[in-house]
Amino acid sequence: MSTIGIIGAGAIGTAFAKALSRQGIPLVIANSRGPETLAELVAELGPTARAVSREEAAAQDIVLVAVNWSKLPTALAGLPDFGGRIVIDANNSIEAPSFKPVDLQGRPSSEVFAEWVPGARVVKAFNHLLARLLEADPASEGGKRVLFLSGDDAQAKAEVAALIDQLGFFGIDLGELSVGARLVQFPGGPLPVLNLVKFG
């Protein structure tokens, strides 16, 4: 497994990093304050994790972005074209900490997000579960905890689905972004925060 990049070291970015580390998958993680501020987190994650610049995190073959919505344009500004690499949109269009929804004029949040990551094959995933469930053992309830994914590129979705499986979750493909991203969008979609488990 190649190194996974993470932009954003908040609740979801950290939970995703912990899930990767548990499986020994190498990762690099960046935040807005610089790699030195992530020393404690990286020490907790173990030897497969490194704190890096935003640019290095964005240069990986698969990059997960989990940043407060209002800070996303700044977090992604000036990065080179992604050139067909996979970017996982793990964001929700709310303002933290008030959880006030952002007015997107009826557009799905992933459509707006895609404009900030030119050249990327965007897959919506890892955004619907609470962070504590994302970082917990996905088999802890006797089955496999469900993660949803959606995207417009079949190969990109297949790679993210394989990652979900490697992490011990059960992935469910919700189709294209125009359909699936709306289902998991928070607020508005019917699937966010549902803790579903597949048995058998």
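Quick caveat: nothing in here was measured; it's all calculated off a predicted structure.

Draft legend 1. Spatial organisation of the pattern of salt bridges. In the structure shown here, the tally under the stated rule is 10 salt bridges. The salt bridge partner of R50 is E56, with a shortest N-O separation of 3.0 Å. For E56, a relative accessible area of 33% corresponds to the partly exposed category. The salt bridge involving E115 is made with R107; its shortest N-O contact spans 2.5 Å. Salt bridges here are not isolated pairs; linked through shared partners, they connect K18, E44 and E135.

Draft legend 2. Region of interest: the environment of A154. With respect to the helices, strands and loops of the structure, A154 is situated in helix α7 (residues 154-166). Distance in space between the C-alpha atoms of A154 and R121 is 9.7 Å, their sequence separation being 33 residues.

Draft legend 3. Layout of the side chain of S21. Residue placement: S21 occurs in helix α1 (residues 11-22). Beyond its immediate sequence surroundings of up to four residues, S21 is in contact with L27, L45 and T48.

Draft legend 4. Representation of the packing of aromatic side chains within the structure. All chains considered together, the criterion is met by 2 aromatic pairs. Residues F16 and F126 carry aromatic rings whose centres are separated by 4.8 Å and whose planes lie at 65° to one another, so their mutual orientation is edge-to-face. Of this pair, F16 sits in helix α1 while F126 is found in the loop between β8 (121-125) and α6 (131-134), placing the two residues 110 residues apart along the sequence. We note that F16, like F126, is buried.

Draft legend 5. Summary view of the side chain of H128. Tracing the backbone through its elements, the reader meets H128 in the loop between β8 and α6. Beyond its immediate chain neighbours, meaning those up to four positions away, H128 contacts V146, L147, F148, V184, L191, P192, V193 and L194.

Draft legend 6. Representation of α7. For α7, with 13 residues, the first-to-last C-alpha span of 18 Å sits near the 18 Å given by 1.5 Å per residue. Of the surrounding secondary structure, the elements contacted by the buried residues of α7 are β1 (4-7), α1, β5 (86-89), β8, β9 (144-151) and β10 (170-173). One side-chain oxygen of the residue at the start of α7 lies 3.1 Å from the amide nitrogen of Q155, identifying that residue as D153. Note on α7: the residue one or two positions beyond its end, G168, has a positive phi of about 95°.

Draft legend 7. Fine view of the pairing of β9. For β9, the buried fraction is high: 7 of the 8 residues fall into the buried class. Bridge count for β8 against β9 is 3 bridges, and the pairing is antiparallel. Note on β9: the bridge partner recorded for A125 is L149. Taken together, the 2 bridges between β9 and strand β11 (residues 197-198) define a ladder with antiparallel strand orientation. Looking at β11, one finds that R145 is bridged to V197. In the sheet, β9 pairs with β10 via 4 bridges, with the strands oriented parallel.

So, how was this worked out
- Residues numbered from 1 in each chain as written.
- Predicted model: local features only at pLDDT ≥ 70, side-chain atom pairs only at ≥ 80, totals over all residues.
- Heavy atoms only, no water.
- Salt bridge = Lys/Arg side-chain N within 4 Å of Asp/Glu carboxyl O.
- Buried < 20%, exposed > 50% of the residue type's maximum accessible area, 1.4 Å probe, protein only.
- Helix = DSSP H or I, 4+ residues; strand = E, 2+ residues; numbered from the N terminus.
- Contact = heavy atoms within 4.5 Å.
- Phe/Tyr/Trp six-rings, centres within 6.5 Å; stacked < 30°, edge-to-face > 60°.
- Expected span 1.5 Å × (residues − 1).
- Polar contact = N/O pair within 3.5 Å; in protein donor to acceptor, adjacent residues only side chain to side chain.
- Pairing = 2+ DSSP bridges.

Bear in mind that shape data such as this cannot, by itself, settle questions of function.
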